[in-house]
Amino acid sequence: MQDLAVTPPLFKETVFDDPSVRNLSRVGVIDIGSNSVRLVVFDGAARSPAYFFNEKIMCGLGVGLSSHGRLNPEGRTRAILAIARFKQLAKSMGIKEVTAVATAAVRTASDGRDFCQEVMEKTGQFIAVISGEEEAKLSAQGVLTGWPGAYGLVCDLGGTSLELAEISNGKVGACASAELGPLKLMDIDTKKERLEYISSQLSHLAKSFFPQNNRLFLVGGSWRALARIDMERCDHPLRVLHEYRMEKKSIKELKYFIKDHGLENIAKQCSISASRIMFIPYAMEILEKLCSVFKPKDIAISSYGIREGMLYEKMPQMLKDRDPLIEACRFAEAKDSRVPGAGKALFNFVKPLFSNGKKSQTRLIQAACYLHDVSWRAHPDYRHEACFDYITRANLGGLKHSERVFLGLALLFRYKNSHSRTSFDPLLRLLSSTQIKDAEILGKAMRLGANLWVNSPHSEAYLKYAKKKNKLLLKIGELEKKRLGEVSLIRLNSLAESLKAEVEISNV
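What you see is a predicted model; the values in this text were computed from it and never measured.

Peer 1: Honestly, the overall build of the chain in this entry has me stumped. Any pointers?
Peer 2: Each helix and strand in the chain was counted, giving 22 helices and 14 strands. For the chain, whose C-alpha radius of gyration is 25 Å, the value lies close to the compact-globule estimate of 23 Å for 508 residues. In the chain, which comprises 508 residues, the share counted as buried stands at 55%. Expressed as a percentage of contacts within the chain between residues at least 6 apart in sequence, the contacts between residues at least 24 apart total 71%. Put simply, the chain shows about 22700 Å² of open surface, and 49% of that area lies on carbon and sulfur atoms. Across the chain, the mean location of the 74 positive side-chain charges is 5 Å away from that of the 57 negative side-chain charges.

What follows is the structure in structure tokens.
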């Protein structure tokens with residue numbers, strides 16, 4: 001019988017059939033937390049994992065743990081049933097081996113080992129019980145999955161524990177863990193005692209870290225629920241939790257918003273479950289003290305955590321170094337576009353219009369070019385809407401909310417000459433007037449290039465923009481010249497109008 005005291009490697013070396021490629025075999029992960037048990041099946045681009053299946057069961061294993069030292073009996077029964085079902089689901093998806101990890105509740109409970117043994121006997125599933133430091137590291141690696149260049153402090157709040165980890169330059173630094181979470185705080189009688197306990201735990205954790213004043217990345221369901229409430233408070237137009245930003249100074253406003261509206265009303269307004277809304281006051285108390293102790297410059301919500309961190313751990317360095325946004329867009333182009341590979345040629349065609357652009361803008365232009373044709377199956381009257389909706393709500397890492405809207409608007413202009421009379425105008429307040437104009441120019445340039453059918457890196461069609469002379473030059477070869485019809489000229493003139501430039505056409 002396998003020794004449950006020994007935690008084996010999270011994955012065998014065969015997870016990636018070939019570390020040099022970015023396609024990931026379908027992988028199943030069961031995450032056994034203090035509050036929920038979740039199965040996630042990853043599929044798709046390895047650097048930017050896609051979620052083939054994602055389901056959680058609220059089991060509450062950690063309810064009453066701090067008082068009794070044992071797992072919640074009802075939660076234990078629900079967890080075993082959930083794991084057994086998840087095993088069958090994974091089998092039906094062709095997954096030969098599922099990796100299961102357990103965190104704070106199981107590792108601290110006196111009957112945690114017994115629980116793992118019972119799961120093994122009833123379901124055949126081995127559970128790797130990870131330490132608090134390992135949990136912190138995996139959560140931080142999950143953040144790096146979405147933000148390769150991220151720096152700051154990652155805070156993963158579970159039901160009965162809180163993990164902190166430093167990240168910078170693509171690496172995880174110091175890691176620490178404390179018995180601090182909503183389920184733990186619920187067992188403390190008075191608010192004064194709770195706040196003293198929170199202060200004591202965080203002050204102790206702070207000794208393990210250098211002064212931060214950087215970004216605070218929040219991982220966990222309670223943080224995401226708080227972010228959803230904050231979106232409601234400030235009427236944020238894009239309801240995507242990943243990469244949502246909060247200002248440190250707005251935390252008090254959020255606190256009073258919750259107090260004024262009441263948990264019951266907030267749960268209805270923000271579609272937060274009853275099992276989650278009860279944690280909100282405790283999460284709010286922790287967040288206030290976090291900001292007081294570590295003084296972050298701002299706060300970002302991460303939908304990526306332990307599960308994504310498990311994948312990141314097995315990536316070869318060359319894969320970690322890639323841009324998750326670009327990798328995901330390349331994958332989408334290869335899967336869904338009419339001419340895979342045309343995006344690279346289109347990028348070469350349009351980039352002279354943005355020769356002075358920053359690196360952050362260049363990657364967005366590149367991403368747009370890879371995605372320019374992935375919605376071609378949509379009805380022609382609605383392709384612009386399908387493109388905008390796709391990118392603003394897609395599961396993509398490495399994108400600020402403003403960058404999502406920029407990409408969506410550029411792709412809208414790829415299929416439509418104007419953004420008027422669309423339902424997306426409220427989202428444009430996340431962009432500056434310059435960004436809106438750049439998105440229009442990019443979209444119209446892609447619209448022109450697609451019409452010329454630039455489908456090879458060696459295609460003889462080039463744009464040159466002389467800003468000081470207000471001149472837009474299109475240089476084309478003989479084959480492209482034959483394709484330069486009436487529609488192409490209309491699109492070329494529309495692009496020139498956006499640039500406020502005169503058009504000139506010449507042979508290569």
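Peer 1: Even after reading the chapter, I still don't get the side chain of threonine 103, so can you show me in this structure?
Peer 2: Residue placement: threonine 103 occurs in the loop between β4 (98-102) and α3 (104-108). Filtering out sequence-adjacent residues up to four positions away, threonine 103 remains in contact with Asp31, Ile32, Gly33, Ser34, Ile130, Glu135 and Ile306.

Peer 1: Is there a simple way to explain the packing of helix α18 (residues 383-393) against helix α19 (residues 401-415) in this structure?
Peer 2: Between two packed helices, what matters for the description is the angle formed by their axes and the separation of those axes. Across the interface, α18 lies against α19 with an axial gap of 8 Å and an inter-helix angle of 165 degrees. Compared by their axis directions, α18 and α19 come out roughly antiparallel. Between α18 and α19 lies a crossing of right-handed hand. Contact residues: Arg383, His384, Cys387, Phe388, Ile391, Thr392 and Arg393 in α18; Arg404, Val405, Leu407, Gly408, Leu409, Leu411, Leu412 and Tyr415 in α19. In terms of residue class, the contact of α18 with α19 is made up of 9 nonpolar, 3 polar and 3 charged.

Peer 1: Even after reading the chapter, I still don't get a nonpolar patch on the surface, so can you show me in this structure?
Peer 2: There is a patch of nonpolar side chains on the surface, built from Leu489, Val503 and Ile505 and spanning about 200 Å² of accessible area. Relative to the helices and strands, leucine 489 is located in helix α22 (residues 486-499).

Peer 1: Could you clarify how one ought to interpret the environment of valine 101 in this entry?
Peer 2: In this fold, valine 101 is placed in strand β4. Judged by relative accessible area, which is 0%, valine 101 ranks as buried.

Peer 1: In this structure, what is going on with the sheet that holds strand β14 (residues 502-507)? I would like to understand it.
Peer 2: Two strands in a sheet stick together by hydrogen bonds in their backbones, pointing the same way (parallel) or opposite ways (antiparallel). Strand order across the open sheet formed by 3 strands is β12-β13-β14, with mixed pairing between neighbours. The open sheet has two free edges, formed respectively by β12 (461-466) and β14, since each of these has just one partner strand. Strand-to-strand twist across the sheet, computed as the mean angle between neighbouring axes with direction ignored, equals 20 degrees. Examined bridge by bridge, strand β13 (residues 471-476) and β14 share 6 bridges and lie parallel to one another. For leucine 472, the partnering residue across the bridge sits in β14 and is valine 503.

Peer 1: Would you mind showing me how to read the pairing of strand β11 (residues 298-302) here?
Peer 2: In the case of a regular strand, side chains alternate between the two sheet surfaces. By the criterion of burial, β11 is predominantly enclosed, with 5 of the 5 residues buried. The alternating pattern of β11 places Asp298, Ala300 and Ser302 and Ile299 and Ile301 on opposite faces, both of which are buried. When strand β9 (residues 215-219) meets β11, the two strands line up parallel, connected through 5 bridges. Bridge pairing in β11 links leucine 216 to isoleucine 299. Where strand β10 (residues 245-246) and β11 come together, 2 bridges link them in antiparallel fashion. Residue pairing in the sheet places arginine 245 in a bridge with alanine 300 of β11.

Peer 1: Where do I start with the packing of α19 against helix α20 (residues 433-451) in this structure?
Peer 2: Running from N to C, α19 and α20 cross one another at 40 degrees; their axes reach a closest spacing of 7 Å. Accordingly, the angle class assigned to the pair α19 and α20 is oblique. Judged by the twist between their axes, the crossing of α19 over α20 is right-handed. From α19, Phe406, Leu409, Ala410, Leu411, Phe413, Arg414 and Tyr415 reach across to α20, where they touch Gln435, Ile436, Asp438, Ala439, Glu440, Leu442, Gly443, Lys444, Met446, Arg447 and Ala450. Broken down by class, the residue content of the contact of α19 with α20 amounts to 11 nonpolar, 2 polar and 5 charged.

Peer 1: How should the side chain of threonine 123 be read in this particular structure?
Peer 2: As for its position among the elements, threonine 123 is in helix α4 (residues 112-123). Note on threonine 123: relative accessible area 16%, which makes it buried. Looking at threonine 123, its side chain comes within polar contact range of the main-chain oxygen of valine 119, at 2.6 Å. A polar contact of 3.1 Å, which involves the side chain of threonine 123, links it to the backbone nitrogen of glutamine 125. Those residues in contact with threonine 123 that lie beyond four places of it in its chain are Ile80, Ile83, Ala84 and Lys87.

Peer 1: Would you explain the sheet that holds strand β6 (residues 152-157) in this entry?
Peer 2: Reading across the sheet, the 6 strands line up as β8-β7-β6-β9-β11-β10 and stay open at both edges, with mixed pairing between neighbours. If you trace the sheet from one side to the other, it starts and ends with β8 (171-178) and β10, each paired once. Across 6 bridges, strand β7 (residues 162-168) lies against β8 in antiparallel orientation. Across the sheet, residue leucine 162 finds its bridge partner in β8, namely alanine 178.

Peer 1: Would you take a moment to explain the pattern of salt bridges for this structure?
Peer 2: Any two side chains of opposite charge can pair, given that their charged atoms come close. Here the structure, examined in full by the defined rule, presents 29 salt bridges. Here arginine 330 ties to glutamate 327 by a salt bridge, and the two come within 2.9 Å at their closest N and O atoms. On the criterion of helical spacing, the pair formed by arginine 330 and glutamate 327 is a turn pair, its members being 3 residues apart in helix α15 (residues 324-336). A residue is classified by how much of its surface remains accessible, and arginine 330, at 30% relative accessible area, is partly exposed. Among the ionic contacts, a cluster of salt bridges with common partners joins Arg70, Arg76, Asp111, Asp114, Glu118 and Lys122.

Peer 1: What exactly am I supposed to notice about unusual backbone geometry here?
Peer 2: What you tend to see is this: most non-glycine residues have negative phi, and most peptide bonds are trans. The backbone of aspartate 235 sits at a positive phi, close to 55 degrees, despite the residue not being glycine. Within the secondary structure layout, aspartate 235 lies in the loop between α8 (221-234) and β10. Phi angles above zero are rare outside glycine, and glutamate 243 is one such case at about 75 degrees. Take glutamate 243: it is sitting in the loop between α8 and β10.

Peer 1: Even after reading the chapter, I still don't get the state of the cysteines, so can you show me in this structure?
Peer 2: Cysteine pairs can be covalently joined through their sulfur atoms, and such a bond is termed a disulfide. Throughout the structure, instances matching the rule amount to 0 disulfides. We note that cysteine 155 lacks a disulfide partner, and the nearest cysteine sulfur, in cysteine 291, lies 9.7 Å from it. Judged by relative accessible area, which is 0%, cysteine 155 ranks as buried. In this structure cysteine 369 is not part of a disulfide, and its nearest cysteine sulfur, from cysteine 329, lies 10 Å away. Taking the relative accessible area as the measure of exposure, cysteine 369 reaches 0% and is therefore buried.

Conventions adopted
Residues numbered from 1 in each chain as written. Predicted model: local features only at pLDDT ≥ 70, side-chain atom pairs only at ≥ 80, totals over all residues. Heavy atoms only, no water. Helix = DSSP H or I, 4+ residues; strand = E, 2+ residues; numbered from the N terminus. Rg over C-alpha atoms; globule rule 2.2 N^0.38 Å. Buried < 20%, exposed > 50% of the residue type's maximum accessible area, 1.4 Å probe, protein only. Contact = heavy atoms within 4.5 Å. Areas by Shrake-Rupley, 256 points an atom, 1.4 Å probe, with all protein chains shown as cover. Lys, Arg positive; Asp, Glu negative; His and termini not counted. Charge placed at Lys NZ, Arg CZ, Asp CG, Glu CD. Axes fitted to C-alpha atoms, helices over the stretch in contact; angles between N-to-C directions. Parallel < 35°, antiparallel > 145°, perpendicular 65-115°, else oblique. Left-handed = near helix turned anticlockwise from the far one by under 90°. Nonpolar A, V, L, I, M, F, W, Y, C, P; charged D, E, K, R; others polar. Patch = residues over 30% accessible without salt bridge, like charges linked within 9 Å, V, L, I, M, F, W, Y side chains within 5 Å. Salt bridge = Lys/Arg side-chain N within 4 Å of Asp/Glu carboxyl O. Pairing = 2+ DSSP bridges. Polar contact = N/O pair within 3.5 Å; in protein donor to acceptor, adjacent residues only side chain to side chain. Disulfide = S-S within 2.5 Å.

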